[in-house]
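# Secondary and tertiary structure notes
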Amino acid sequence: MKKKFYITTPIYYVNDKPHIGHAYTTIAADVLARWHRAQGHDVFFLTGTDEHGDKVAESAKKQGMGVEEFVEKNAAEFEKTFTNLNIRFDVFMRTTFPEHNESVQIFMRKLKDAGALYEGVYQGLYCKGCEDFYMEKDLIDGKCPIHNIPPEIVKEKNWFFKLESYLPRVRELIESGEIAVEPEARKNEVLGLFKQELKDFSVTRERVRWGLDFLGTGQKIYVWVEALQNYISAVGYGRDEKQFKKWWPADVHLMAKDIIKFHAIYWPAMLIAAGVETPKKIYAHGFFSLDGKKMSKSLGNVIDPNDLVKKFGADATRFLLLLQFPFGQDGDIKESKFVEQYNAFLANSIGNLVSRVATLVEQSGSTLPSRQDLDEKKILIKRFLKDLPQEIERMDFNAALSTIFTALKNLNEDIARDKPWEMEVGDEGRLSLLRGYVDGILEVARALEPFMPETSKAVIHQFTAKKITKGRPLFPRMS
RNA sequence: CGCGGGGUAGAGCAGUAGCAGCUCGCCGGGCUCAUAAUCCGGAGGUCGUGGGUGCAAAUCCCACCCCCGCAACCA
């Protein structure tokens, strides 16, 4: 049987437009998904949108739109952005899909029947104007920062999840690595959380309107609790046991570091309570700053990935984002360097190499001997690329890209040493050298597929054609 | 006493004990098949500071300094 690989991104909150951070996580997931497909694995790549909760309802109101209309529009925006980036997801999950609700109801029922839920009273500071609860620390002079009125103490009857009962087991699973939390630093961080206060939390809301019903109680399910369940609802939990059995547990939940607590602690605890297997790996990558500043709407330095695609194309955008710093760490992105890096890596390296080899081949009549006889260069390139699988599997995309570009550099050096242009165009030695270069380029193109699918396809097409011709530059130099 | 990450060439990073490396940029030279691309060579670092252990420390230990996240929108 084929090995299966189930990878997820978080489902993104449709409160706002997609930005470069959403793109980053999703591109990384796509690289892994494409890699596993190329290995012949049966891959399920899930992404989507989280559409419930008061914040969404408020935003809709602010824009004078109905909630349904609003989420429809924003979800479409996310899907379109990912399509523009050439993300090949298998399902774009939306928490407003009826199937999601169906699975969620079954899961919540399971939790309740297992005795993992109990009724309790939530007491909080409630602002009538905002129709929302505040924490003490968020108040200004004891007043709501927006309406400038003191909030009332309001008690709400909620259902709570017995998180504390499941913590020891979750901790065990993380410590033993049965739930791998990566990178290592994140694992330490999560284990550190167990020393702090982790309390039972309420899984329902009485006052929220825009959300999923909690088992016909008139309460709504807390949006996080329900959103996490997209990972199982998308593969048919409670609805399609065959499908569910095939894909679950997830091989990787990929996300940024801000939501690791929900994924590494709350989510496994809920799964354990409901008698469902826990995910195999939780990987949280870092945040980036833009030109040394934190990315934020208030600073107005948020980058729209669609703008990058317009300027550089999908492949180059994917490449440039992953190139910036080692995956998993925090790092800084300087947009001003994008052009320089585009030229250095894409125009000068692979783009130029393709041109020069294509021209040489064209001069020799556009056809080459078949590859059986003479293949040293290909083998050489393979040696340069030998670490690539491990690098991608441990999500060191940065290292993987540098491996690929080292191989390209090597090819350029070979060509300079061989000087094929000094030989007669029909010379057998020349043809055999060119055959080697072409094989090398093809090898690199295949390695590049997860990162730059269009480029990979174009190059393979160009060099496996009957007549190899120069064609247009892959990455025209930019100034 | 908060938690965590980090301080190595102009920039971005690798390097957990054995002559300090990579990529980009910069400078000089070569080449002309190629997108002023490519190839060869070069300059540039007292590895945050001060102590300690070792034959040997960027790497281990101690102290200190500095930067960035951990409040909101938010990957």
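I will try to describe carefully the structure that is included in this document. Bear in mind that the values here come from a model prediction, so they are computed numbers and not experimental data. (Residues numbered from 1 in each chain as written. Chains lettered and ligands numbered in written order. Predicted model: local features only at pLDDT ≥ 70, side-chain atom pairs only at ≥ 80, totals over all residues. Heavy atoms only, no water.)

In terms of regular secondary structure, chain A is built from 18 helices and 15 strands. Projected onto the principal axes, the alpha-carbon positions of chain A cover approximately 90 × 50 × 40 Å. Counting every position in chain A, which comprises 479 residues, the buried fraction comes to 56%. Charge centroids of chain A, computed over 68 positive and 68 negative side chains, lie 1 Å from each other. (Helix = DSSP H or I, 4+ residues; strand = E, 2+ residues; numbered from the N terminus. Buried < 20%, exposed > 50% of the residue type's maximum accessible area, 1.4 Å probe, protein only. Lys, Arg positive; Asp, Glu negative; His and termini not counted. Charge placed at Lys NZ, Arg CZ, Asp CG, Glu CD.)

A separate point is the side chain of Arg94. Considering the arrangement of structural elements, one finds Arg94 in strand S3 (residues 91-94). Of the residues examined, Arg94 reaches a relative accessible area of 9% and is grouped as buried. Separated by 2.6 Å, the side chains of Arg94 and Glu51 make a polar contact. Not counting residues within four places of it along the chain, the set of residues in contact with Arg94 comprises Thr49, Glu51, Val71, Glu72, Ala75 and His100. (Polar contact = N/O pair within 3.5 Å; in protein donor to acceptor, adjacent residues only side chain to side chain. Contact = heavy atoms within 4.5 Å.)

Turning our eyes to something else, we now look at the packing of helix H5 (residues 163-176) against helix H6 (residues 184-193). Put simply, H5 and H6 touch, their axes get as near as 11 Å, and they point 160° apart. Classed by the angle they form, the pair H5 and H6 counts as roughly antiparallel. For the crossing formed where H5 meets H6, the hand is left-handed. Here Arg171, Ile174 and Glu175 of H5 come into contact with H6, specifically with Lys187, Val190 and Leu191. (Axes fitted to C-alpha atoms, helices over the stretch in contact; angles between N-to-C directions. Parallel < 35°, antiparallel > 145°, perpendicular 65-115°, else oblique. Left-handed = near helix turned anticlockwise from the far one by under 90°.)

The next subject is the pairing of strand S2 (residues 42-50). Most of S2 is tucked away, with 8 of its 9 residues classed as buried. Two strands pair when backbone bridges link them, and strand S1 (residues 4-13) and S2 are joined in this way by 8 bridges, in the parallel orientation. Opposite Lys4, over in S2, you have Asp42 as the bridge partner. Between S1 and its parallel partner S2, the chain crosses via helix H1 (residues 20-38), and the hand of that crossover is right-handed. (Pairing = 2+ DSSP bridges. Right-handed = clockwise from strand over helix to strand, strands pointing away.)

Looking now at the sheet that holds strand S14 (residues 293-294). Pairing within the open sheet is mixed, and its 3 strands lie in the order S14-S13-S15. Every interior strand has two partners, whereas the edge strands, S14 and strand S15 (331-333), have only one. Note that strand S13 (residues 288-290) and S15 share 3 bridges and pair parallel. Across the sheet, the residue bridging to Ser289 is Asp332, located in S15.

This paragraph deals with the environment of Thr367. Locating Thr367 in the fold gives a position in the loop between helix H13 (338-363) and helix H14 (376-384). The spacing of Thr367 and Lys61 is 306 residues in sequence and 64 Å in space, taken between C-alpha atoms. When residues no more than four places from it in sequence are discounted, the contact partners of Thr367 are Val361, Leu431, Lys466 and Lys467.

What follows deals with the nonpolar core. Where a protein is soluble and globular, its nonpolar side chains tend to be buried together. In this structure, Phe397, Phe451 and Phe463 are the most contacted members of the largest nonpolar core, which totals 83 residues. Ranked by residue count, the leading element in this core is H13, at 12 residues. Ignoring anything within four residues of it in the chain, the contact list for Phe397 reads Ala28, Val31, Leu32, Leu322, Phe327, Ile392 and Phe451. Core analysis: the next-biggest nonpolar cluster, separate from the first, contains 57 residues, Tyr6, Leu212, Tyr237 and Trp267 among them. (Core = buried A, V, L, I, M, F, W, Y, C linked by side-chain atoms within 4.5 Å.)

What follows covers the side chain of Thr317. Mapping Thr317 onto the fold places it in helix H12 (residues 314-323). At a separation of 3.3 Å, a polar atom in the side chain of Thr317 contacts the main-chain carbonyl oxygen of Leu308. At 2.8 Å, the side chain of Thr317 forms a polar contact with the backbone oxygen of Gly313. Apart from residues lying up to four places away in sequence, Thr317 is in contact with Leu85, Leu308, Val309 and Phe312.

Sheet architecture is open: 6 strands sit in the order S3-S2-S1-S11-S12-S7, paired in parallel fashion. Single-partner strands in this sheet number two, and they are S3 and strand S7 (180-182). Adjacent strand axes in the sheet meet at a mean angle of 20° when their direction is disregarded. Two elements, S1 and strand S11 (residues 252-256), share 2 bridges in a ladder whose sense is parallel. Pairing of Thr8 across the sheet is with His253, part of S11. Against the sheet, helix H3 (residues 67-84) engages S1, S2 and S3, with an angle of about 155° to S3. Contacts between helix H10 (residues 260-273) and the sheet are confined to S7, S11 and strand S12 (281-285), with S11 contributing the most and set at about 145° to the helix.

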